[in-house]
Amino acid sequence: MMRQAGRYLAEYRAVRAEAGSFLNLCFDPDKAAEVTMQPIRRFGFDAAILFSDILVVPHALGQQVAFEAGEGPRLDPIADRSGFARLSARPDPAIVGPVYETVRKVRAMLAPDVTLLGFCGAPWTVATYMVAGRGGDDQAAARLFAYRDPDGFAVLIDQIVRASIDYLLGQIRAGADAVQIFDTWAGILPAAEFERWAVEPVARIIAGVKAAAPDVPVIAFPKGAGYRLGRIVAGTGADAVGLDWTADADFVRREIQPKVAVQGNIDPLALLAGGAALDRAVDEALANYAAGRHIFNLGHGILPPTPVAHVEQMLARVRAWRS
Ligand code: CP3
């Protein structure tokens, strides 16, 4: 389940409070391993996902990153090329080392048949936070940077590509069985920019990972990509794609599933609502995709106010269908 370790779990909130800040939690291998394991113990999921964040990469490149309580991430914005001087060429081993240590600890704790997923953010999504210094709903700052100075923006993207290859291979060497690339903001790009910033950099990350780890599956999640999922499949070499809840099932069955596995795609708001709406969402996802290669999941991260009972309701329905 996307964001399966998180604030909807009381046991997560307890460890998070002990850690003090969100980043302290990410960089404490014992605590990060503990919160990675919590949803596995509680729900018996088939896969664990490393507890960390996509903004660890800019942090490891030397950009100031902080998480303000209740407000999301805050970075020291890089609005133009003059900000590049602050960034180092490679991720700082002192920063990413504890993340790899978390992967080793989790792999040692997990049963052998439970998959451990590593991850990073896609360069476009990571760049949107690096440029704006915060989240938003239209990512205007990064789009504007890329229109005004596409070559400069490409330098930033290239740096994130190299750092991400390094970072994913570090996770794989430490024991990650598969990796996922989160492109939360892929859906807001026009076609040509989608090709340049959401397809091509992800293709380079996947090629770099496959060159050293050819058997490790890579899942791409270009949220909001709609029919351009076809471009991700044709253009990146991903082994699977994540679907958000707006996916067109006929299109996905016809054009995507014959080529790669799909993951998704329950609306996190249907999970929050529970009841008949959740049952219907589960039944629809299974009817739409389960005849082909399908990893049942949400279409985006679970929301903090989601009752645990709704997660149990969803799992009971999926498991009853499977048996
Ligand atoms: O369980 C898991 O999925 C593993 C851990 C994970 C987190 N973030 C933990 C987290 C993963 C895979 C992510 C990815 C991530 N982080 C994305 C891509 C996927 C997506 O959700 O779109 C993005 C865009 C981020 C950046 C980020 N991190 C934002 C915008 C925020 C603030 C919003 C929020 O939910 O608070 C975070 C914080 C964050 N990352 C939390 C967690 C559990 C909450 C922080 C806390 O506990 O205080």
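Things to note about the packing of helix α6 (residues 123–132) against helix α7 (residues 140–148)
Thought 1: At their nearest, the axes of α6 and α7 sit 8 Å apart, and the two run at 100 degrees to each other. Of the possible angle classes, the one that applies to α6 and α7 is roughly perpendicular. Here Trp-124, Ala-127, Thr-128, Val-131 and Ala-132 of α6 lie close against α7, whose contacting residues are Ala-141, Ala-142, Arg-143 and Phe-145.
Thought 2: Residues that form the contact of α6 with α7 fall into these classes: 7 nonpolar, 1 polar and 1 charged.

Looking at the domain arrangement of the chain
Thought 1: Partitioning the chain into structural domains gives domain 1 (10–242) and domain 2 (267–323).
Thought 2: Taken over both partners, the interface formed by domain 1 and domain 2 buries close to 660 Å², and the fraction arising from carbon and sulfur atoms is 63%.
Thought 3: Scanning the region where domain 1 abuts domain 2 turns up 0 salt bridges.
Thought 4: The interface formed by domain 1 and domain 2 contains 2 residue pairs in polar contact (both at pLDDT 80 or more).
Thought 5: Grouping the constituent residues of the side of domain 1 that touches domain 2 by class yields 3 nonpolar, 2 polar and 3 charged.

A look at the packing of aromatic side chains
Thought 1: Scanning all chains against the criterion turns up 12 aromatic pairs.
Thought 2: Taking 5.6 Å as the distance between ring centres and 85 degrees as the angle between the ring planes, the aromatic pair formed by Phe-119 and Phe-182 counts as edge-to-face. Of the two residues, Phe-119 is situated in strand β4 (residues 115–121) and Phe-182 in strand β5 (residues 178–183); the sequence distance between them amounts to 63 residues.
Thought 3: The exposure class of Phe-182 is buried, given its relative accessible area of 11%.
Thought 4: Each ring, one from Tyr-227 and one from Phe-251, has its centre 5.0 Å from the other, and the planes form 85 degrees; the classification is edge-to-face. Residue Tyr-227 is found in the loop between β6 (218–222) and α10 (229–236), and its partner Phe-251 is found in helix α11 (residues 249–256); the two are separated by 24 residues along the sequence.
Thought 5: The exposure class assigned to Tyr-227 is exposed, which follows from its relative accessible area of 56%.
Thought 6: An aromatic cluster is built from Phe-84, Trp-124, Phe-145, Phe-153 and Trp-197, whose rings are joined through pairwise contacts.

What to know about the pairing of β4
Thought 1: Most of β4 is tucked away: 6 of the 7 residues are buried.
Thought 2: In this structure, strand β1 (residues 47–49) lies alongside β4, joined through 3 bridges in parallel fashion. From the neighbouring strand, Ala-48 faces β4, where its bridge partner is Leu-116.
Thought 3: As defined by bridge partners, β4 adjoins β5 across 5 bridges and the pair is classed as parallel. Along β5, the bridge assignment pairs Gly-121 with Phe-182.

Focus: the environment of Glu-200
Thought 1: Examined against the element boundaries, Glu-200 turns out to sit in helix α9 (residues 191–212).
Thought 2: Each C-alpha atom of the pair Glu-200 and Glu-312 lies 39 Å from the other, and the pair is 112 residues apart in sequence.

Quick look at the site of the ligand
Thought 1: Taken together, 21 residues form the shell around the ligand, and within it Arg-7, Tyr-12, Asp-53, Thr-184 and His-300 come nearest.
Thought 2: One of the backbone nitrogen or oxygen atoms of Arg-3 is found 3.0 Å away from an oxygen atom of the ligand.
Thought 3: Gln-4 places a main-chain nitrogen or oxygen 3.1 Å from an oxygen atom of the ligand.
Thought 4: Here the ligand, which alone exposes 870 Å², has 88% of that area covered by the protein.
Thought 5: Put simply, the parts of the chain that give the shell around the ligand at least two residues each are α1 (10–19) and β3 (72–75).
Thought 6: Class assignment for the residues of the shell around the ligand results in 12 nonpolar, 5 polar and 4 charged.

Describing the layout of surface pockets
Thought 1: Considering only enclosed or pocket space, the second largest pocket measures out at about 160 Å³ in volume.
Thought 2: Lining the second largest pocket, in full, are Trp-245, Ala-247, Ala-249, Asn-265, Ile-266, Asp-267, Ala-281, Glu-284, Ala-285, Asn-288 and Tyr-289.
Thought 3: Elements with a minimum of two residues in the lining of the second largest pocket: β8 (261–266) and α13 (275–289).
Thought 4: For the lining of the second largest pocket, the element with the most residues is α13, which contributes 5 residues.
Thought 5: Looking at the lining of the second largest pocket residue by residue, the class counts come to 7 nonpolar, 2 polar and 2 charged.

Calculation rules
- Residues numbered from 1 in each chain as written.
- Predicted model: local features only at pLDDT ≥ 70, side-chain atom pairs only at ≥ 80, totals over all residues.
- Heavy atoms only, no water.
- Axes fitted to C-alpha atoms, helices over the stretch in contact; angles between N-to-C directions.
- Helix = DSSP H or I, 4+ residues; strand = E, 2+ residues; numbered from the N terminus.
- Parallel < 35°, antiparallel > 145°, perpendicular 65-115°, else oblique.
- Contact = heavy atoms within 4.5 Å.
- Nonpolar A, V, L, I, M, F, W, Y, C, P; charged D, E, K, R; others polar.
- Domains from an automatic or database assignment.
- Buried area = accessible area lost by both parts, 1.4 Å probe.
- Salt bridge = Lys/Arg side-chain N within 4 Å of Asp/Glu carboxyl O.
- Polar contact = N/O pair within 3.5 Å; in protein donor to acceptor, adjacent residues only side chain to side chain.
- Phe/Tyr/Trp six-rings, centres within 6.5 Å; stacked < 30°, edge-to-face > 60°.
- Buried < 20%, exposed > 50% of the residue type's maximum accessible area, 1.4 Å probe, protein only.
- Pairing = 2+ DSSP bridges.
- Near = heavy atom within 4 Å.
- Areas by Shrake-Rupley, 256 points an atom, 1.4 Å probe, with all protein chains shown as cover.
- 1 Å grid on protein atoms, 1.4 Å probe; cavity = no way out; pocket = protein on both sides within 12 Å on 5 of 7 lines; lining within 4 Å.
- Points joined across faces, edges and corners; volume = space filled by probe spheres on them.

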